[in-house]
Each structure stands twice: as C-alpha cells, then as structure tokens.
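Residues per chain are reported as follows:
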Amino acid sequence: MSELSAVPRRVLCLSGSLRRASSNTALLQVARSLAPATLELTVYADLASLPLFNPDDEIEPLPAPVLALRQAVDGSDALLIACPEYAHGVPGAFKNLLDWLVGSTEFPGKPVVLINASGRATMAHAALREILTTMSAQIWLDVGIPLPGGPCDMARISAEATLTAPLRNILNTLATELQVLSR
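Being a predicted model, the structure only gives us computed values, none of them experimental. (Residues numbered from 1 in each chain as written. Predicted model: local features only at pLDDT ≥ 70, side-chain atom pairs only at ≥ 80, totals over all residues. Heavy atoms only, no water.)

1. Quick look at the overall build of the protein
Argument step 1. Assigned secondary structure in the protein consists of seven helices and five strands.
Argument step 2. For the protein, the succession of helices and strands along the chain, N to C, is α-β-α-β-α-β-α-β-α-β-α-α.
Argument step 3. Over its C-alpha atoms the protein spans a radius of gyration of 16 Å, differing by no more than 12% from the 16 Å that the globule rule assigns to 183 residues.
Argument step 4. Each principal axis of the C-alpha atoms in the protein carries an extent, and together these give about 45 × 45 × 25 Å. (Helix = DSSP H or I, 4+ residues; strand = E, 2+ residues; numbered from the N terminus. Rg over C-alpha atoms; globule rule 2.2 N^0.38 Å.)

Laid out in structure tokens, this is it:
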C-alpha cells in the first residue's frame, strides 16, 4: 500500500436539516460509523450559525462561520449531502449554506454524493441537483435510501440492513473513486 493510499480521504457530510432529531443527519452519522478505513467522514454541525447570505458581506474578512464552512469544504476531498424537503423546496437554511459557497473558490469541481432519504423522488431533490450543477459540483452519485416514516434515529437506521447495505455500497464506491482520483 502506498503512503498516499494510507491517508484517509476526507468527506464532509452536509445535512440540510436543522432539526435536532433529523433523519437526514442521523443517516449521515450512520454513514460516518460505517465508513471504510480509507474514508474519514465529518458531519458539519454549524448550519444554524451561518449568517443570512448577503453578497455585500462576501468580502474579507468573511464572517467567521462562513470562513469555517469554506475551510471545511476546501479541506475535504468530497461532499456527502442528505437534504430533506420543506414545502416542495430545499430548506432555507441549507440554501443559505449553498449561497455562501456560490462565490467561493473551494466548491467548484468538488465531488458530491447526493442521498435522497425520501421514499419517493422529490421536487427538492431535483432542485438541489440543479443548484449543485449550477455551482459546478461534480455529482458522482445520486442515490435514494428511503428511510421509514416516523422518527428515524441512528439506532433505527443502523438496525436495518436494507438501509445500511446500500449506505456501505455508496461509501465503498466513493472510497474507490477517490482512490482512483488520487492516482
């Protein structure tokens, strides 16, 4: 094994939900626990701290939470995104996060894996894909892992092989693709 392949590839996990008991965040936390040793997943936890996007504020020095977000994106090899739908759209807080990345140099070309945790195709998921494409993301995978209805925490997700098996497959595929990219 080469020294380069021994270094885990960094994946920043972005949940589009602010809820404390978010199914999307729980799914990303389970992904972190299932990740192969070649991946190091970090779940971004500061969505609520981002100020409302205003292009007039996109100057140096950037607000500290925005600078931290951009540094986290820059320090990652890929992004893993799970985002719910609210009123047929991308939640406002997550759109705000994306707006802060539109003018950044850290985001364009970043490999992205999108996970739709809904049991059906959603308008928000299609809109999110369009937004990310417009932002010059490289969408490597766009998959559905439909979570069961009702409260869905890490324990419930981890206990369901029908959820963990596809999640492991996604992570293994991502690990392989990042390994190929690093050669």
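2. Description of the packing of helix α3 (residues 64-74) against helix α4 (residues 92-102)
In helix packing, the relevant descriptors are the interaxial angle and the interaxial distance, both defined with respect to the helix axes.
Argument step 1. Running from N to C, α3 and α4 cross one another at 75 degrees; their axes reach a closest spacing of 10 Å. For the element pair α3 / α4, the angle class is roughly perpendicular. Where α3 abuts α4, its residues Val66, Leu69, Arg70 and Val73 lie against Leu97, Trp100 and Leu101.
Argument step 2. Taken together, the residues of the contact of α3 with α4 sort by class into six nonpolar, no polar and one charged. (Axes fitted to C-alpha atoms, helices over the stretch in contact; angles between N-to-C directions. Parallel < 35°, antiparallel > 145°, perpendicular 65-115°, else oblique. Contact = heavy atoms within 4.5 Å. Nonpolar A, V, L, I, M, F, W, Y, C, P; charged D, E, K, R; others polar.)

3. Focus on the side chain of Lys110
Argument step 1. Within the fold, Lys110 resides in the loop between α4 and β4 (111-116).
Argument step 2. Within the structure, the side chain of Lys110 is placed 2.5 Å from the backbone oxygen of Ser76, a separation counted as a polar contact.
Argument step 3. Ignoring any residue separated from it by four or fewer positions in sequence, one finds Lys110 in contact with Val73, Asp74, Ser76, Asp77, Ala78, Leu79, Ser136, Ala137 and Gln138. (Polar contact = N/O pair within 3.5 Å; in protein donor to acceptor, adjacent residues only side chain to side chain.)

4. A few points about α4
Argument step 1. Of all the positions in α4, only Phe94, Asn96, Leu97, Leu98, Asp99, Trp100 and Leu101 are classed as buried.
Argument step 2. Summarising the contacts, the buried residues of α4 are in contact with β1 (9-15), α3, β3 (78-82) and α5 (123-134). (Buried < 20%, exposed > 50% of the residue type's maximum accessible area, 1.4 Å probe, protein only.)

5. Focus: the sheet that holds β1
Argument step 1. The strand order β2-β1-β3-β4-β5 describes an open sheet built from five strands, whose pairing is parallel. Strand pairing shows two members of the sheet lacking a second neighbour, β2 (39-43) and β5 (138-144), which therefore form its edges. Across the sheet, the mean angle separating the axes of adjacent strands is 20 degrees when strand polarity is ignored.
Argument step 2. Summarising the sheet, β1 and β2 pair through five bridges and their orientation is parallel. Each bridged residue has a counterpart across the sheet, and for Arg10 the counterpart in β2 is Glu40.
Argument step 3. Strands in contact with helix α2 (residues 23-34) are β1, β2, β3 and β4; relative to β2, the strand with the most contacts, it is inclined by about 155 degrees. (Pairing = 2+ DSSP bridges.)

6. Topic: the state of the cysteines
Argument step 1. Taken as a whole and assessed by the stated rule, the structure comprises zero disulfides.
Argument step 2. Cys13 forms no disulfide, and the closest cysteine sulfur to it belongs to Cys83, at a distance of 14 Å.
Argument step 3. According to the relative accessible area criterion, Cys83 is buried, its value standing at 11%. (Disulfide = S-S within 2.5 Å.)

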